[in-house]
Amino acid sequence: MNFDYAQLFSAAIPETVVVITAFLALLVDFIFLRNLPARTRTSLLATVTAVGCLSAIAWMGVSHSTYRLDDAIFVVNPMTQLVKQIILALTIFTAFISVQTNFTRHLGEYFILLLLASAGMMFLVSAENILAIFLALELLSLSLYVLTAFNKQSVFSAEAALKYFLFGGMSAAFTLFGLSLIYGVTGEMNLTAIAAKLAGKTTDPLFYVALVMTVIGFGFKVAAAPFHMWAPDAYQGSPTPVTSFIAAGSKVASFFILAKILFTGFAGAEGDAGWHHYISGWTPVLAILAALSVIIGNLAAISQKSVKRLLAYSAIAHGGYALLGILTADQKGFASLIYYVTTYALTVIGAFGVVAVVENYGGDKLSDFAGLSRRAPILSACMMVFMLSLAGIPPLAGFFGKFYVFTSAIQLGAKSLGLLWLVILAIAMSAVSLYYYLQVLKQIYVVDASDKTTVSVALPTQFVIVALAIAVVVLGCVPNLLVGKILAALSLG
Amino acid sequence: MNHSLLLTVLTFLPVLGAALLLGMDGEDKKMSRRFSIGFSLLPLICLGLIWRQFDSGMQGLQFVERHAWIPSLGVEYFVGIDGLGFLMLLLSAIVVPFALVATPKEIANPRLYFALFLFLQTGLFGTFTALNFFHWFIFWEISLIPAFFLIKLWGGPQRTKAAYQFFVYTMLGSVTLLLAFLALFAATGTLDFIRLSELTHSGELVSAIGAKLTWSKLSPNGLVMLIFFGALLGFAVKVPLIPFHTWLPTAYTEAPSSTSMVLTGVMSKMGVYGFLRILLPIFPEQLRAVLTPLLWLAVATIVLSAYAAFAQKDLKRIVAYSSINHLGYCLLGLFAAVKFSSPGLINEKAAALNGVILQMFNHGVTASALFCFVGFIEQRSGGLRGLNDFGGLRKLAPVFCGLMGITVFSSLGLPGLNGFVGEFLIFKGTFSLAAWAASLSTIGLLVTAIFLLTMLQRVFTGPVNKRWSTWTDLTTAERLTVLPMIAIMFVVGIFPQVLLSFINPTVMQIIQQFK
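A brief look at the structure comes next.

Thresholds, definitions, all that
- Residues numbered from 1 in each chain as written.
- Chains lettered and ligands numbered in written order.
- Predicted model: local features only at pLDDT ≥ 70, side-chain atom pairs only at ≥ 80, totals over all residues.
- Helix = DSSP H or I, 4+ residues; strand = E, 2+ residues; numbered from the N terminus.
- Rg over C-alpha atoms; globule rule 2.2 N^0.38 Å.
- Buried ≥ 20, exposed ≤ 12 C-beta atoms within 10 Å, placed from the backbone.
- Expected span 1.5 Å × (residues − 1).
- Contact = placed C-beta atoms within 7 Å.
- Nonpolar A, V, L, I, M, F, W, Y, C, P; charged D, E, K, R; others polar.
- Pairing = 2+ DSSP bridges.
- Axes fitted to C-alpha atoms, helices over the stretch in contact; angles between N-to-C directions.
- Parallel < 35°, antiparallel > 145°, perpendicular 65-115°, else oblique.
- Left-handed = near helix turned anticlockwise from the far one by under 90°.
- Core = buried A, V, L, I, M, F, W, Y, C linked by C-beta atoms within 7 Å.

This part covers the overall build of chain B. Each helix and strand counted, chain B has 22 helices and 2 strands in total. Relative to its length of 515 residues, chain B is compact, with a C-alpha radius of gyration of 22 Å against a globular reference of 24 Å. Counting only residues that meet the buried cut, chain B has 57% of its 515 residues in that class.

Quick look at helix H2 (residues 13-33) of chain A now. The end-to-end C-alpha distance of H2(A) is 28 Å, a good match for the 30 Å that 21 residues give at a rise of 1.5 Å each. The elements touched by buried residues of H2(A) are helix H3 (38-62), helix H4 (78-97) and helix H5 (107-126) of chain A.

The interface of chain B with chain A comprises 22 residues on the first partner and 20 residues on the second. When residues of the side of chain B that touches chain A are traced back to their parent elements, those giving at least two are strand E1 (62-70), helix H5 (133-142), helix H6 (144-154) and helix H7 (159-188) of chain B. Broken down by element, the residue count for the side of chain B that touches chain A peaks at 7 residues, all from H7(B). Here the residues of the side of chain B that touches chain A sort into 17 nonpolar, 3 polar and 2 charged.

That bond from B:Val239 to B:Pro240 is cis: its omega, -5°, falls within 30 degrees of zero. Its location among the elements puts B:Pro240 in the loop between helix H10 (220-238) and helix H11 (247-254). Omega for the peptide link from B:Ile242 to B:Pro243 comes to 10°, which places this bond in the cis form. Assignment of secondary structure puts B:Pro243 in the loop between H10 and H11. Positive phi, close to 60°, is recorded for A:Asp71, a residue that is not glycine.

With that settled, consider H11(B). For H11(B), a buried count of 8 out of 8 residues is recorded, marking the element as mostly surrounded by other parts of the structure. Those residues of H11(B) that fall on the buried side of the exposure criterion are B:Trp247, B:Leu248, B:Pro249, B:Thr250, B:Ala251, B:Tyr252, B:Thr253 and B:Glu254.

Turning to the pairing of E1(B), a few remarks are in order. All names here are of chain B. Note that E1 and strand E2 (residues 75-81) share 6 bridges and pair antiparallel. Residue pairing across strands places Glu 65 opposite Val 79, the latter belonging to E2. What sits between E1 and E2 in their antiparallel hairpin is a turn of 4 residues, with Gly 74 showing a positive phi close to 65°.

What follows is about the packing of H2(A) against H3(A). All names here are of chain A. Running from amino to carboxyl end, H2 crosses H3 at an angle of 165°, the nearest separation of the two axes being 9 Å. Taken as axis vectors, H2 and H3 run roughly antiparallel relative to one another. The chirality of how H2 crosses H3 is right-handed. Across the interface between the two elements, Ile 13, Pro 14, Val 17, Val 18, Thr 21, Leu 24, Ala 25, Val 28, Asp 29 and Leu 33 of H2 pack against Arg 41, Leu 44, Leu 45, Val 48, Thr 49, Gly 52, Cys 53, Ser 55, Ala 56, Trp 59 and Met 60 of H3. Here the contact of H2 with H3 is composed, by residue class, of 15 nonpolar, 4 polar and 2 charged.

A word on the nonpolar core. Core analysis: the biggest nonpolar cluster contains 394 residues, and A:Leu124, A:Val252 and B:Leu87 have the highest contact counts within it. Top element by residues in this core is helix H15 (residues 331-359) of chain A. It accounts for 19 residues. In this structure A:Val252 touches A:Val83, A:Ile86, A:Ile87, A:Leu90, A:Val341, A:Thr342 and A:Ala345, once residues within four positions along its chain are discounted.

Residues and elements named next belong to chain B. Considering the arrangement of structural elements, one finds Ser 305 in helix H14 (residues 291-311). C-beta crowding within 10 Å serves as the criterion here: with 27 such atoms nearby, Ser 305 is assigned to the buried category. If we ignore the near neighbours within four places in the chain, the residues touching Ser 305 are Ile 242, Tyr 321, Ile 324, Asn 325 and Gly 328.

Residues and elements named next belong to chain B. Between H7 and H10, the least distance of the axes is 7 Å, while the angle of their chain directions is 150°. On the basis of their axis angle, the class for H7 and H10 is roughly antiparallel. In this structure, the crossing between H7 and H10 has a hand that is left-handed. Across the interface between the two elements, Tyr 169, Thr 170, Gly 173, Ser 174, Thr 176, Leu 177, Leu 179, Ala 180, Ala 183 and Leu 184 from H7 touch Ile 227, Gly 230, Ala 231, Leu 233, Gly 234, Val 237 and Lys 238 from H10. Each residue belonging to the contact of H7 with H10 can be placed in one class, and the counts come to 10 nonpolar, 6 polar and 1 charged.

On their own, these measurements won't tell you what the molecule is for.
In structure tokens form, the structure reads like this:
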């Protein structure tokens, strides 16, 4: 068989650049930076990361190649390129937020893991073959486990990593079991071929076992209730930049691949989650996950005292809203899903960025945020933007994201209005969520500070947080900037 | 049609002011007060420009701005005003600065208070200009947030409960409204009010809904009815229509007086505006189908709230219930005007609707002035505002009594003052269209007169209450605050044509749409 390596290489240039940057970061740190102060070191390494990621983004911006490796192990099309660009941008933001914290001396190792995790996400996005999906998922997960444990002075970090690892291993087992059953039923690895073989076989009980196993596996990954138990502990224990990375980048990639598996691989087995016309398939399973996530996430967040934990539960709830986008099982829903997770990721990185700053002056408890508006006015204004966006207040990106997802969910099934029950639940719960986001803002703006010291912020971190806040406002006011891109990529791909 | 950015500038001026105010350094109370009052007056200048260019003889929308915004969802930035919109803008531009000036000087954390107020003004302007559901809803919702905080942070002893009740109740209405419009969007692919009303009149709306949506076993008409109820609930809560009014007395009473002024003066008009701008053009048939029960509810709103006000012992609660009562007249006139689809009775319909819109404006002016006076009383009494806590104040404060008296008489509809014109037109129109409803509602008129006069009597006449022997009359600043409003009451009362000339073309257009 003739195999053109040059073509494969040119399609995989962005991934290659990211991996090379990863090793470069390690090398630069070892050779040149050992003796510099931590903050300078982190800034320089973050710059290296940014340069690498930006060149990969730029490359994807100019080259419009499409590529499909045998058996869809590695697929490049406008949609995957767009999502990869988004992921790399999130990586850059995370890298600069790391400047603020000093949880480790092993900065080279930290950045190489960060970049390897990004590479894992990129491969994950490009995979349309169950074997490749699993491998990329493991590359991503293993990097994240280690990153979670990176704060060696903190027991909680170790605990978080262990929990994350055990749950992650379990979820990997579920995923693998599900995927292997699918292979057993169809004899295919490639998602399109699987769908073709499955056509007409969707009554096979084995297939349903496989389906549920796969969804459970990914349910762990995206922290959908009732598979969310690891999330609050992992979010709280990890170093804050890592938390933001788990909540942002890894979420975008996981949702993208989950949607792809379900849309492409299980096409024809959607079923129907409508109130009166339930048909078994994957949408009812997801509908249950979405409903539980939205309820549990929002209700549990109300009683949290730690902002990181609060954001963890809110992440579970937002996972529920995003699942609504997948439930629609069409292109429109897919576009709304990508818009939703992207804007959510931008918002949550910003929010964790603020938490990372405040953490240096005490902790991440709600009371540590008291009177922040007088200690750090700019940071507080940004936090307000992030919190209101998460709560879905217009005209911020979070509002349009929810609006878009709900609209596509209502339109589902052309005429049945079957998902109305879920949309009503989601809207009701998002009204509930306003309460706890406002609790954070109340601390910042209304309660008086016990500690009056001015909060100092590292310049790169401040810059990133402000940029994210502006992005959230702009994407909310002019959603078409992103939606247009997504729709264009969809129509081309 | 003139192309200018005036409406957009008008809408976003206050929020710019709020941002500048929050960005300013220092805790100078005087400074932030002057700054915010100045900024809230700028829209009046814009409105002056609009007034000059406004073609009052023209039907249809003016000052239209229309830009593609989110093409994939059919969302446009689409603003424009007709006579109704113009009058509501004018009302917002007058009442907000009035409320700001009437805010006590010693208010805590004035920067935040004034910033929230300006923010609220943007929400109001946006609601009254937007013609695409998407951003209309944004403004509709966004005006809730500052109102919530104004009640929650500066309110009376029960403020937390009142704020949450207000928020949750109106939010619930908004959710059904949102769902209704999402369903309309799913069926028609547009969120444009004008386009939707065109679809209704060509009959395509029902067929589009029938083709695109099903729900249990409902027929297309049943489905449209369901969607209509969703929207109706949203507006009925906001106005409020009895039995959806329970949030209002607590909210108005617990809110600081200057906030109550805007709540009753402008925010309550958002509901009636929604009826006129959205429900009437898009769902005329559905509205007509349930008209008799709605008329009953309007009558109940008028009569029961008047009796309820009579039973109150707290001045603010009295004014709050009287506010429900006055908005009841608006709904009465509105429902009566829709009653017949036949082209006849144009004069009666026009009278009723002219009255409705005029009443919206008048009530905004009068009720906010009443709350302002109650606020002055509260400032002097240290928070006491029981009906029986005072007595004989006229001897100590004759100007206070006189000016508040004028406001009260305007509220109960004395000829020569603004309240009379609106109510007269409403009753004139309604009597020919739905005589029984008009007759029953006159009970409300009577009781209103009784409880308002009782209020005047208990507070200002009788023996002087020893406790208030040091009661002071209105200061010059306070007189200057209320004087413009009193002037408006007289001007509109004597020359209603000033405003009616704007309203009438709009009313005629609405009536043509009934066919």
